[in-house]
Amino acid sequence: MDGTRFPDRPADLVLLGPPGAGKGTQARILQDRFGLVQLSTGDLLREAVAAGTPAGLAAREVMASGGLVSDEIVVAILSDRLATSDTAAGAIFDGFPRTAVQARALDALLAERGRGIVAAISLEVDDAAMVARITGRSTCAGCGEGYHDDFKRPASPGVCDRCGGTAFTRRADDAAETVAARLSAYHAQTAPLIDHYAGQGLLSRIDAMAPIDEVAAAMAAVVETALA
Ligand code: AP5
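Residues numbered from 1 in each chain as written. Predicted model: local features only at pLDDT ≥ 70, side-chain atom pairs only at ≥ 80, totals over all residues. Heavy atoms only, no water.

With that settled, consider the overall build of the protein chain. Looking only at helices and strands, the protein chain features nine helices and eight strands. In terms of its C-alpha atoms, the protein chain occupies a principal-axis envelope of roughly 45 × 40 × 35 Å. For the protein chain, the residues scored as buried account for 46% of the 228 residues in total. Considering only residue pairs separated by 6 or more positions, the protein chain has 72% of its internal contacts joining residues 24 or more positions apart. Carbon together with sulfur atoms contributes 54% to the accessible area of the protein chain, which is approximately 10,700 Å² in total. For the protein chain, the separation between the mean place of its 21 positive charges and that of its 29 negative charges on side chains is 1 Å. (Helix = DSSP H or I, 4+ residues; strand = E, 2+ residues; numbered from the N terminus. Buried < 20%, exposed > 50% of the residue type's maximum accessible area, 1.4 Å probe, protein only. Contact = heavy atoms within 4.5 Å. Areas by Shrake-Rupley, 256 points an atom, 1.4 Å probe, with all protein chains shown as cover. Lys, Arg positive; Asp, Glu negative; His and termini not counted. Charge placed at Lys NZ, Arg CZ, Asp CG, Glu CD.)

Put into structure tokens, the structure is as follows:
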């Protein structure tokens, strides 16, 4: 893609942030800009649920309740995906790790490949804004591009900017009551990873209440610095 700046060596990034912080939105922008592959464990789990695999069957009810799927299932799914060749130049880990166990597993999986995390970015948002962001979200059924009823509409109403598709979906776990459980899981189990990555000197905090393009610019600056 024009304007893509491919890193000279494998670059692995971790995106942290509560539900609706913009991890998926920003991961797709970084993917285009730096030629890295977005690895969303939420997307991988939803694919497993749709395919009816044993992991998907085990994950379905947990995801519907807003809780975290077991480390064992998530690490296995992530490990399988990381074994595919398109991730060799580096990955953007979107929604992974979410627990201390997952953080250690990610370090080990990357070390096996002679790689390591170059930056962890925490998208910082107010909990109060999250329900509006999540309940207004839709996704192109064709290419997965994300939209929002108020904050990110397609240029041509009802037509995806990226692929021209006209079918859009809304996630089953985006109901307001489930969002509260997802936020609570984030604060209890995932937010401590912010200190974990700060302790390793890898953390950057970004104000994700700003408009999407401003957040993207701040994130690109962090990645450029990490790759320098
Ligand atoms: P997952 O799919 O990872 O969901 P999440 O973390 O809850 O995050 P979201 O996808 O809801 O939000 P996002 O931060 O990507 O925001 P987005 O860019 O879409 O996980 C789902 C479930 O799977 C979990 O609850 C759990 O059960 C399970 N799971 C997944 N990973 C797991 C793991 N590692 N371990 C255990 N369980 C796991 O943006 C949201 C909306 O806001 C969009 O409409 C967007 O257009 C809009 N928006 C984005 N940025 C802005 C902005 N700056 N201003 C205004 N609007 C914006």
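Having seen the structure, we can now continue with the description.
Under the defined criterion, the tally for this structure stands at zero disulfides. No disulfide involves Cys 140; its nearest neighbouring cysteine sulfur is the one of Cys 163, lying 3.6 Å away. Classification of Cys 140 as buried rests on a relative accessible area of 3%. The closest cysteine sulfur to the non-disulfide-bonded Cys 143 is located on Cys 160, 3.6 Å from its own sulfur. (Disulfide = S-S within 2.5 Å.)

Okay, the site of the ligand next. In the vicinity of the ligand, 34 residues are found, and the nearest of them are Thr 25, Gly 67, Arg 98, Arg 137 and Arg 182. Contact distances for the ligand include 2.8 Å between a nitrogen atom and a side-chain N or O atom of Thr 41. Out of a free accessible area of 1,000 Å², the ligand has 95% covered by protein chains. For the shell around the ligand, the secondary-structure elements that each account for two or more residues are helix H1 (23-34), helix H2 (41-51) and strand E6 (146-148). Broken down by element, the shell around the ligand gets its largest block of residues, four residues, from H2. In terms of residue class, the shell around the ligand is built from 15 nonpolar, 10 polar and nine charged. (Near = heavy atom within 4 Å. Polar contact = N/O pair within 3.5 Å; in protein donor to acceptor, adjacent residues only side chain to side chain. Nonpolar A, V, L, I, M, F, W, Y, C, P; charged D, E, K, R; others polar.)

Note on sheets: strands pair through backbone hydrogen bonds, and any given pair is parallel or antiparallel. Strands sit in the order E2-E3-E1-E4-E8 across an open sheet of five strands; the sheet is parallel. Edge strands, defined here as strands with exactly one partner in the open sheet, are strand E2 (37-40) and strand E8 (203-207). The mean angle between the axes of side-by-side strands here comes to 25 degrees, regardless of whether they run parallel or antiparallel. In this structure, strand E1 (residues 12-16) lies alongside strand E3 (residues 91-94), joined through three bridges in parallel fashion. Counted as the bridge partner of Leu 15 is Asp 94 from E3. Strands in contact with helix H5 (residues 100-112) are E1, E3 and strand E4 (117-124); relative to E4, the strand with the most contacts, it is inclined by about 150 degrees. (Pairing = 2+ DSSP bridges. Axes fitted to C-alpha atoms, helices over the stretch in contact; angles between N-to-C directions.)

So, about empty space enclosed by the protein. Counted by the stated rule, this structure contains one cavity of 30 Å³ or more. Size it by volume and the largest cavity reaches roughly 40 Å³. In terms of lining residues, the largest cavity is bounded by Leu 15, Leu 16, Gly 17, Lys 23, Gly 95, Phe 96, Pro 97, Arg 98, Tyr 186 and Thr 190. Secondary structure elements with two or more residues in the lining of the largest cavity: E1 and helix H7 (176-190). (1 Å grid on protein atoms, 1.4 Å probe; cavity = no way out; pocket = protein on both sides within 12 Å on 5 of 7 lines; lining within 4 Å. Points joined across faces, edges and corners; volume = space filled by probe spheres on them.)

A separate point is the pattern of salt bridges. Tallied over the entire structure, the rule returns 15 salt bridges. One salt bridge connects Arg 115 with Asp 12, and the closest N-O pair in it is separated by 2.7 Å. Highlighted residues: Arg 115 in the loop between H5 and E4 and Asp 12 in strand E1, separated in sequence by 103 residues. As far as the burial class goes, Arg 115 and Asp 12 line up, both buried. (Salt bridge = Lys/Arg side-chain N within 4 Å of Asp/Glu carboxyl O.)

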